[in-house]
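Here is how the chains run, residue by residue.
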Amino acid sequence: GAGPKGLQAPFVLQPRTPQAHARTVIMLHGFTSTGKQLASGWLPALAKALGRRTLDTLKLVFLNAPIRTVSCYGDERPRHPAWHDYFTDHGGDEGRPDLEEEIDEEQVAWARERIHAAIDAEAAALGGDYSRVAIGGASQGCCMALDAALTHRELLGGVFASFGHVYECTARLAPYPDGRDALLISAFHGAADECIAASLALRKYADLVDLGFHRLTLRVAPSLGHCEPSDAELVAFADALGGWGFLPKPGRGEATAANDEAPAEARPDGRVEGRRTARRRRRHAAALTTPPRRGREEAE
């Protein structure tokens, strides 16, 4: 049938003033999530760690994937926010998170085109300077962020890749545009990820290193499961922002994370992407502090 016409409207955090706008970071949520859910987890934690005024020059754009029918659950075929469809569930009930999922590559190409358009729009707002635009994502959103950054005609300021990997359909597009091996890649994963195994991600990042991507930083957090909130991930993201030159240098009298007022809460459970099917989630329901959710769905 006919696919979606476009992406849903993004959730956007504007800089303090239009004149203060110096950099843009585009963020891609995971499977079944939304841009607002991802923002609700990241923004309070970033404000607490960096200081709210540190973010005044950043524009944060949380894109929203379309609602799609998901094929990997058999006859149920639920509809969820998704950058693309899944044909397999290796990382769910099958219990083989070390295997890459079979996905709808036409939908990946469709999403790539729309994400590239969002990148172009943000660069245009910054005078056409693509080095002032970066992209990041979690899980499925991580995979699409890597895809977009590797395949865009221009070199971006950086990419933050959390709990995901380079898709095989992305790797087949190599050789990438000239000079793409200069891309600043900051990757983060959990060693105990039972949805997208760290071993799968590491193999894919090793392939990039073999292609000459020597500006790649990879951190693997011990005992951390898929998309579990952690200070380690927050530190990795903050370090990425600093490494890309996206954080202003503090001046005399400016607020710091230690004295700037910010919410105390950490990322909510809504940040955790539900890449497990219903039976696996029910098996783990007793360990959850929030009510069990059907399939890979996320709580609001």
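Cut-off values and rules
Residues numbered from 1 in each chain as written. Predicted model: local features only at pLDDT ≥ 70, side-chain atom pairs only at ≥ 80, totals over all residues. Heavy atoms only, no water. Pairing = 2+ DSSP bridges. Helix = DSSP H or I, 4+ residues; strand = E, 2+ residues; numbered from the N terminus. Axes fitted to C-alpha atoms, helices over the stretch in contact; angles between N-to-C directions. Contact = heavy atoms within 4.5 Å. pLDDT = per-residue confidence, 0-100. Parallel < 35°, antiparallel > 145°, perpendicular 65-115°, else oblique. Left-handed = near helix turned anticlockwise from the far one by under 90°. Nonpolar A, V, L, I, M, F, W, Y, C, P; charged D, E, K, R; others polar. Salt bridge = Lys/Arg side-chain N within 4 Å of Asp/Glu carboxyl O. Buried < 20%, exposed > 50% of the residue type's maximum accessible area, 1.4 Å probe, protein only. Expected span 1.5 Å × (residues − 1). Phe/Tyr/Trp six-rings, centres within 6.5 Å; stacked < 30°, edge-to-face > 60°. Lys NZ or Arg CZ within 6 Å of the ring centre and 35° of its normal.

**Quick look at the sheet that holds strand 7 (residues 158-162)**
- Taken in spatial order, the 7 strands make up an open sheet running 1-3-2-6-7-8-9, and their pairing is mixed. Each edge of the sheet is formed by a strand with only one pairing partner; in this case those strands are strand 1 (8-13) and strand 9 (216-221). When strand polarity is set aside, the average angle formed by the axes of neighbouring strands in this sheet is 15°.
- Of the pairings in the sheet, the one linking strand 1 to strand 3 (residues 58-64) comprises 4 bridges and is antiparallel in character. Bridge pairing in strand 3 places Leu-13 opposite Leu-60.
- Relative to strand 7, helix 6 (residues 231-243) is tilted by about 170°, and along the sheet it contacts strand 2 (23-28), strand 7, strand 8 (185-190) and strand 9.

**Considerations on the confidence of the model for the protein**
- Confidence in the prediction for the protein averages 85 pLDDT; 82% of positions are at 70 or higher.
- Between residues 252-300, whose pLDDT stays under 50, and residues either more than four places distant or in other chains, the model counts 114 contacts.

**Focus on the packing of helix 2 (residues 105-125) against helix 3 (residues 140-151)**
- Closest axis-to-axis distance for the helix 2/helix 3 pair is 10 Å, and the angle between their directions is 65°. What the angle tells us is that helix 2 and helix 3 run roughly perpendicular. Crossing of helix 2 over helix 3 shows right-handed handedness. Contacts from Val-108, Ala-111, Arg-112, Ile-115, His-116 and Ile-119 of helix 2 reach helix 3 at Met-144, Asp-147, Ala-148 and Thr-151.
- Within the contact of helix 2 with helix 3, the residues separate by chemical class into 6 nonpolar, 2 polar and 2 charged.

**Some thoughts on the pattern of salt bridges**
- The full count for this structure, using the stated rule, is 10 salt bridges.
- Here Arg-112 ties to Asp-147 by a salt bridge, and the two come within 2.6 Å at their closest N and O atoms. Highlighted residues: Arg-112 in helix 2 and Asp-147 in helix 3, separated in sequence by 35 residues.
- Of the residues examined, Arg-112 reaches a relative accessible area of 15% and is grouped as buried.
- Owing to a relative accessible area of 0%, Asp-147 belongs among the buried residues under this scheme.
- For Glu-113, the salt bridge goes to Arg-114, with nearest N and O atoms at 3.6 Å.

**Describing the packing of helix 1 (residues 35-50) against helix 6**
- At their nearest, the axes of helix 1 and helix 6 sit 11 Å apart, and the two run at 70° to each other. Judged by the angle between their axes, helix 1 and helix 6 are roughly perpendicular. Our pair here, helix 1 against helix 6, has a crossing hand that is right-handed. Of the residues in helix 6, those in contact with Trp-42, Ala-45, Leu-46, Ala-49 and Leu-50 of helix 1 are Glu-233, Leu-234, Phe-237, Ala-238 and Leu-241.
- Class assignment for the residues of the contact of helix 1 with helix 6 results in 9 nonpolar, no polar and 1 charged.

**Comments concerning helix 3**
- The end-to-end C-alpha distance of helix 3 is 17 Å, a good match for the 16 Å that 12 residues give at a rise of 1.5 Å each.
- Within helix 3, 12 of the 12 residues are buried, which leaves it mostly tucked inside the rest of the structure.
- Among all positions of helix 3, only Gln-140, Gly-141, Cys-142, Cys-143, Met-144, Ala-145, Leu-146, Asp-147, Ala-148, Ala-149, Leu-150 and Thr-151 are buried.

**Remarks on the packing of aromatic side chains**
- Across all of its chains, the model carries 8 aromatic pairs by this definition.
- Taking 4.8 Å as the distance between ring centres and 55° as the angle between the ring planes, the aromatic pair formed by Trp-42 and Phe-237 counts as tilted. Highlighted residues: Trp-42 in helix 1 and Phe-237 in helix 6, separated in sequence by 195 residues.
- We classify Trp-42 as buried; its relative accessible area is 2%.
- With relative accessibility at 2%, the residue Phe-237 sits in the buried group.
- Judged by centre distance (5.6 Å) and plane angle (75°), the ring pair of Trp-244 and Phe-246 falls under edge-to-face. Taken individually, Trp-244 and Phe-246 each receive the classification buried, so the pair is uniform in this respect.
- Put simply, the rings of Trp-42, Phe-160 and Phe-237 pair up and form one aromatic cluster.
- Its end group placed over the ring of Phe-246, Arg-23 keeps NZ or CZ at 5.6 Å from the ring centre.
- A cation sits over an aromatic face here: Arg-68 above Trp-110, 5.0 Å from the ring centre.

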